[in-house]
Amino acid sequence: MAAAKLCRIRTKVRIAPSFGRCLQNKLWTRSWEKEDAHPPCLQSQNWRAGALNNYLGRQREPCVCLCHSAPAAVVRQKAVDEKTEEFKLVYRFPGIKYCRVLSRLKLLQTATTVAVLPPICHLYLQDQVSQHLLLYTTGIALFAGAMLYGMSYFFRRIIGLIYLSETGRIVKVAHLTFWGRRNDIYCPIETVMTLDEVGDSKGELLLQFKRYNSTDILYFTIKFGQIVDRQKFTQIFGKVE
């Protein structure tokens, strides 16, 4: 009996250290697994933080674009307001319609003359026309071009109509283009020079229309033109004797 009890005690003693070693190994293994599993958690959190920053960055970008596009939108809205505002006629030049007809006729004449010149040159090279006809046609084409430039330079600066907005802030001026079409110019009333500031005499045939913010000069005439609203005309150009 004593021997049997001794064997049992030795067996328990042997089992206890082995059980302790296994438990210790399991604890060490679990600790390493936790340490190995911890970096992916940090990586996942970093990835989420980076994704959130990228999302917030994308959300901020349209705001920047809107800030840059705001001045352009204001300019477009201002142009729309100028065109949709009601205007009252202040000055009219009845002869502008004749200037328009002459401008288009001169353009047609110049185009016809220039179109005839190449066939004349071709016939001259084939000795079918004389040199005198060639020189005559070339001279007419050059003269027509010079006259077209001079007439268009003058007609494009003649004002046909002048308007003032109902609010009294914007002046609209209508004149001709190179092709004989109407072109409207919108300018604030404070940018228009009065007749005293321009320096023209009231009795001159052509008066200058000048602006502070532009070097372009237009012309209008009181002698052959009609002042429809003298009060508004005085508001724009000052007193007229």
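Here we take up unusual backbone geometry. With phi around 60 degrees, Asp127 is a residue other than glycine that occupies positive phi space. Inspection of the secondary structure puts Asp127 in the loop between α2 (96-125) and α3 (131-155).

Tallied over the entire structure, the rule returns 2 salt bridges. In this structure, Lys88 and Glu166 form a salt bridge, with 4.0 Å as the shortest nitrogen-oxygen distance. Separated by 78 residues along the polypeptide, Lys88 in strand β1 (residues 87-92) and Glu166 in the loop between β2 (159-165) and β3 (170-176) bring together distant segments of the chain. When its relative accessible area of 51% is taken as the criterion, Glu166 is described as exposed. A salt bridge links Arg182 to Asp184; its shortest N-O distance comes to 2.9 Å.

Next up on the list: the sheet that holds β2. Spatial strand order, β4-β3-β2-β1-β7: 5 strands in an open sheet with antiparallel pairing. Single-partner strands in this sheet number two, and they are β4 (182-188) and β7 (226-227). Alignment of β2 against β3, held across 5 bridges, turns out to be antiparallel. Directly across from Leu161, in β3, lies its bridge partner Ala174.

Here we come to the packing of aromatic side chains. Summed over all chains, the structure comprises 9 aromatic pairs. Taken together, a centroid distance of 6.2 Å and an interplanar angle of 75 degrees make the contact between Phe220 and Phe233 edge-to-face. Taken together, the positions of Phe220 in strand β6 (residues 214-220) and Phe233 in helix α5 (residues 230-237) put the pair 13 residues apart, joining distant regions of the chain. It is Arg157 that lies over the ring of Tyr153; its NZ or CZ is 3.9 Å from the centre.

Reading the values: rules and limits
Residues numbered from 1 in each chain as written. Predicted model: local features only at pLDDT ≥ 70, side-chain atom pairs only at ≥ 80, totals over all residues. Heavy atoms only, no water. Helix = DSSP H or I, 4+ residues; strand = E, 2+ residues; numbered from the N terminus. Salt bridge = Lys/Arg side-chain N within 4 Å of Asp/Glu carboxyl O. Buried < 20%, exposed > 50% of the residue type's maximum accessible area, 1.4 Å probe, protein only. Pairing = 2+ DSSP bridges. Phe/Tyr/Trp six-rings, centres within 6.5 Å; stacked < 30°, edge-to-face > 60°. Lys NZ or Arg CZ within 6 Å of the ring centre and 35° of its normal.

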